[in-house]
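# Coordinates in review
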Amino acid sequence: MSEYILEMKNITKEFPGVKALDQVSFKVRKGEIHALVGENGAGKSTLMNVLSGIYPLGTYDGDILYHGKECKFKNIRESEKEGIAIIHQELALSPYMTIAENIFLGNERAKSGVINWDETSEKAKELINLVGLNEKHTAVIRDIGVGKQQLVEISKALSKDVELLILDEPTAALNDEDSDNLLELLKTLNKEQGISCIIISHKINEVTKVADEITVIRDGQTIVTLDNKKEDVSEARIIKGMVGRDLVDRFPKHVSKIGEVGFEIKDWVVHDPLDEDRVVIDHVNMNVRKGEIVGLAGLMGAGRTELAMSVFGKAYGKKISGGLVKDGEAINLHNVHQAIKHGLAYVTEDRKTAGLVLIDDIKRNITMANLEEISKNLIVNEDEEIGVGEEYRKKLNIKSSSVNQIAGNLSGGNQQKVVLSKWIFTSPDVLILDEPTRGIDVGAKYEIYTIINKLADEGKCVIVISSELQEILGVADRVYIMNEGKIVGEVDKNEATQEGIMSCIIQSTAK
């Protein structure tokens, strides 16, 4: 019997005008954690979609062997019956249903069409206990954090007697602590339950921590498979395989040219829009100088996004009080339109839902926040719109067939560049970047960091929110530390460390 639970041989998959996979071969041994890495658009998710039946038999060339037998999956249900489960980066949970209901959604504990709720509850309790989820099975999904929602997704997969678990960017939306907990769970499931895992991730440090083998894909082709058990696989070795060159520095060198204070937030208080008695942002004070990149660090739920959105034209919150000062003058922003007019821009952490219109093309996505610039008498000048699209496509190195390409068909890194282009086109003085590199690879990250540095060099005030402390330390000139809706620390770049930031957060929680 084969030592491999999965063998994919010479898989080729084409979309109109694009060969996404070109003769890719990929093997996973039984009982191992196998990492699949590559730049955005390399073909990783496409390969897993072929495996799971999302791209069914007949839409690709090549062979799939599972437990040594050829598979011809026509849909995802057929692959699930064989014990293959895939968890996508965008979680497929119903926010208004309970944990137990979500675990068995589509896989109900039922007889003659009648759901057995006692069995559902008992099985759900067993599964959430197995994955270490400290919540009642009756809790509603919208009321628990993203890290816990990931555990619900894994429970859902385990309910289907999974043998091969595929996780696509499982820690992209998690902070360092939740990421570590999830990775430890995968190792436990692997060792104690005998579940084989395929993990797709851009976080190279996590890959080297948990993977037994690592396969690198570049431009739709298999580059190399590295044995992480027999050799000490370095991050540099993986990155070279991903990008096709040595990436000596993860962060571009930058000499800051910092001027006077350009933007201030004073005594800022924000209440929860659903519970107006609950204070979400508690008397926050911070400032940003022109040409300065200020990092905003904190654990998930610290209030960083809520602060950013409330400042950006009160896009979040109720009973907002406090003041905003720009270039020495107080400004009052009652909506997003006013915020844009006063030179503020906010790049959302959720580019797919709130940052882009995925069914529209690149040029329209870039111009939509500043249509007045290319319009006359409320009529958009399409030639100017194309010109703007081409300008930013070239300036930010957006890899696409043309400015008419649909944004939803771009890789994550290129989607992020389109979002950045949209806000840069508004000519802002203050840019708030919320998780600007979430879910994109190291090569694309480097390009984003370079863009951020250029914006600062133009004298703009830049605020970067990131759950990756290494990223905050790599790009910021100064760091504010946030916890439970408050600013609990401020540190200069030369004095900032990951340990110091975490220590500040822990000490503030203990008070």
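Residues numbered from 1 in each chain as written. Predicted model: local features only at pLDDT ≥ 70, side-chain atom pairs only at ≥ 80, totals over all residues. Heavy atoms only, no water.

### So, the overall build of the protein
Counting its regular elements, the protein contains 17 helices and 24 strands. Over its C-alpha atoms the protein spans a radius of gyration of 24 Å, differing by no more than 12% from the 24 Å that the globule rule assigns to 511 residues. In terms of overall dimensions, the protein has C-alpha extents of about 75 × 50 × 50 Å along its principal axes. Counting over 511 residues, the protein shows a buried share of 52%. Across the protein, every contact between residues at least 6 apart in sequence was considered, and the portion connecting residues at least 24 apart equals 68%. Considering the protein, the positive charge centre built from 63 side chains and the negative charge centre built from 81 side chains are found 2 Å apart. (Helix = DSSP H or I, 4+ residues; strand = E, 2+ residues; numbered from the N terminus. Rg over C-alpha atoms; globule rule 2.2 N^0.38 Å. Buried < 20%, exposed > 50% of the residue type's maximum accessible area, 1.4 Å probe, protein only. Contact = heavy atoms within 4.5 Å. Lys, Arg positive; Asp, Glu negative; His and termini not counted. Charge placed at Lys NZ, Arg CZ, Asp CG, Glu CD.)

### So, the nonpolar core
By size, the foremost hydrophobic cluster in this structure holds 63 residues, and its most contacted members are Trp268, Leu307, Val311 and Leu344. Examining the composition of this core, we find that seven residues originate from one element, helix α15 (residues 442-457), more than from any other. In terms of nonpolar packing, the next biggest core, distinct from the first, is built from 49 residues, Ile87, Leu151, Leu183 and Val233 among them. (Core = buried A, V, L, I, M, F, W, Y, C linked by side-chain atoms within 4.5 Å.)

### Points about the packing of helix α5 (residues 146-158) against helix α6 (residues 176-192)
With their axes 10 Å apart at the nearest point, α5 and α6 run at an angle of 15° to one another. What the angle tells us is that α5 and α6 run roughly parallel. Where α5 crosses over α6, the two elements pack in a sense that is right-handed. Between α5 and α6, the residues in contact are Gly147, Leu151, Ile154 and Leu158 and Asp178, Leu182, Leu185, Leu186 and Leu189, respectively. (Axes fitted to C-alpha atoms, helices over the stretch in contact; angles between N-to-C directions. Parallel < 35°, antiparallel > 145°, perpendicular 65-115°, else oblique. Left-handed = near helix turned anticlockwise from the far one by under 90°.)

### Here we look at a nonpolar patch on the surface
A grouping of Val357, Ile359 and Met368 is seen on the molecular surface, where their side chains present a nonpolar patch of about 280 Å² in accessible area. In this fold, isoleucine 359 is placed in the loop between α11 (351-355) and α12 (362-367). (Patch = residues over 30% accessible without salt bridge, like charges linked within 9 Å, V, L, I, M, F, W, Y side chains within 5 Å. Areas by Shrake-Rupley, 256 points an atom, 1.4 Å probe, with all protein chains shown as cover. Salt bridge = Lys/Arg side-chain N within 4 Å of Asp/Glu carboxyl O.)

### Topic: the confidence of the model for the protein
Detailed reading of the predicted model is not advised wherever pLDDT is low. Taken residue by residue, the protein gives an average pLDDT of 89. The fraction at 70 or more is 98%. Taken element by element, the predicted model of the protein shows its lowest mean pLDDT in helix α17 (residues 498-510) (81) and its highest in strand β22 (residues 461-465) (97). (pLDDT = per-residue confidence, 0-100.)

### So, the pairing of strand β16 (residues 318-326)
The pairing of strand β13 (residues 261-271) with β16 spans six bridges and is classified as antiparallel. For valine 269, the partnering residue across the bridge sits in β16 and is serine 321. Pairing analysis gives three bridges linking β16 to strand β17 (residues 329-331), with the strands arranged antiparallel. Its bridge partner being in β17, valine 325 is matched across the sheet by alanine 330. What sits between β16 and β17 in their antiparallel hairpin is a turn of two residues, with aspartate 327 showing a positive phi close to 55°. (Pairing = 2+ DSSP bridges.)

### Let's talk about the packing of aromatic side chains
Pairs of aromatic rings are described using the distance from one ring centre to the other and the angle between the two planes. Applying the stated criterion across every chain yields a total of four aromatic pairs. Taken together, a centroid distance of 5.6 Å and an interplanar angle of 85° make the contact between phenylalanine 312 and tryptophan 423 edge-to-face. With phenylalanine 312 in the loop between α9 (304-311) and β16 and tryptophan 423 in helix α14 (residues 412-424), this residue pair connects regions lying 111 residues apart in the sequence. Assessed through its relative accessible area of 8%, tryptophan 423 is described here as buried. (Phe/Tyr/Trp six-rings, centres within 6.5 Å; stacked < 30°, edge-to-face > 60°.)

### Digging into empty space enclosed by the protein
Scanning the model with the defined rule gives three cavities of 30 Å³ or more in all. Estimated volume of the largest cavity: approximately 100 Å³. Together, 13 residues line the largest cavity, and Ala172, Lys203, Arg438, Gly439 and Glu468 are the ones closest to its centre. Classifying every residue of the lining of the largest cavity by side-chain character gives three nonpolar, four polar and six charged. (1 Å grid on protein atoms, 1.4 Å probe; cavity = no way out; pocket = protein on both sides within 12 Å on 5 of 7 lines; lining within 4 Å. Points joined across faces, edges and corners; volume = space filled by probe spheres on them. Nonpolar A, V, L, I, M, F, W, Y, C, P; charged D, E, K, R; others polar.)

### Topic: the sheet that holds strand β3 (residues 33-37)
Adjacent strands of a sheet pair through backbone hydrogen bonds, lying either parallel or antiparallel. The strand order across the open sheet built from six strands is β6-β9-β10-β3-β11-β12, with neighbouring strands paired in mixed fashion. The sheet terminates laterally at β6 (84-87) and β12 (221-227), the two strands that pair on one side only. On average, adjacent strands in this sheet sit at an angle of 15° to one another, irrespective of strand direction. Bridge count between β6 and strand β9 (residues 164-168): four bridges; the pairing is parallel. Paired with isoleucine 87 across the strands is leucine 167, a residue of β9. Its contacts with the sheet place helix α1 (residues 44-52) against β3, β6, β9, β10 (196-200) and β11 (213-218), and it is angled at close to 145° to β10. Along the sheet, helix α8 (residues 235-243) makes contact with β3, β11 and β12, crossing β11 at roughly 30°.

### A short note on a negative patch on the surface
A surface patch of negative charge is lined by Glu373, Glu382, Asp383 and Glu384. Locating glutamate 384 in the fold gives a position in helix α13 (residues 382-395).

### Quick notes on the sheet that holds β17
Pairing within the open sheet is antiparallel, and its four strands lie in the order β14-β13-β16-β17. Edge positions in the sheet fall to β14 (279-289) and β17, since each of these pairs with one other strand and no more. Neighbour-to-neighbour, the strand axes of the sheet open up by a mean angle of 15°, direction not taken into account. Sheet topology places β13 next to β14; seven bridges connect them, and they run antiparallel. When the bridges of β14 are listed, valine 270 appears paired with isoleucine 281.

### Considerations on the pattern of salt bridges
Applying the stated rule across the entire model yields 26 salt bridges. In this structure, arginine 478 engages glutamate 292 in a salt bridge whose closest nitrogen and oxygen atoms are separated by 2.8 Å. Of this pair, arginine 478 sits in strand β23 (residues 478-483) while glutamate 292 is found in the loop between β14 and β15 (293-297), placing the two residues 186 residues apart along the sequence. Grouping residues by exposure puts arginine 478 and glutamate 292 together as buried. A salt bridge links lysine 341 to glutamate 372; the nearest nitrogen and oxygen atoms lie 2.6 Å apart. You can see lysine 341 sitting in helix α10 (residues 336-341) and its partner glutamate 372 sitting in the loop between α12 and β19 (375-376), a full 31 residues away along the chain. Across this residue pair, the class does not change: lysine 341 and glutamate 372 are exposed. When salt bridges with common partners are traced through the structure, they connect Glu260, Lys290, Lys326, Asp327 and Asp429 into a single cluster.

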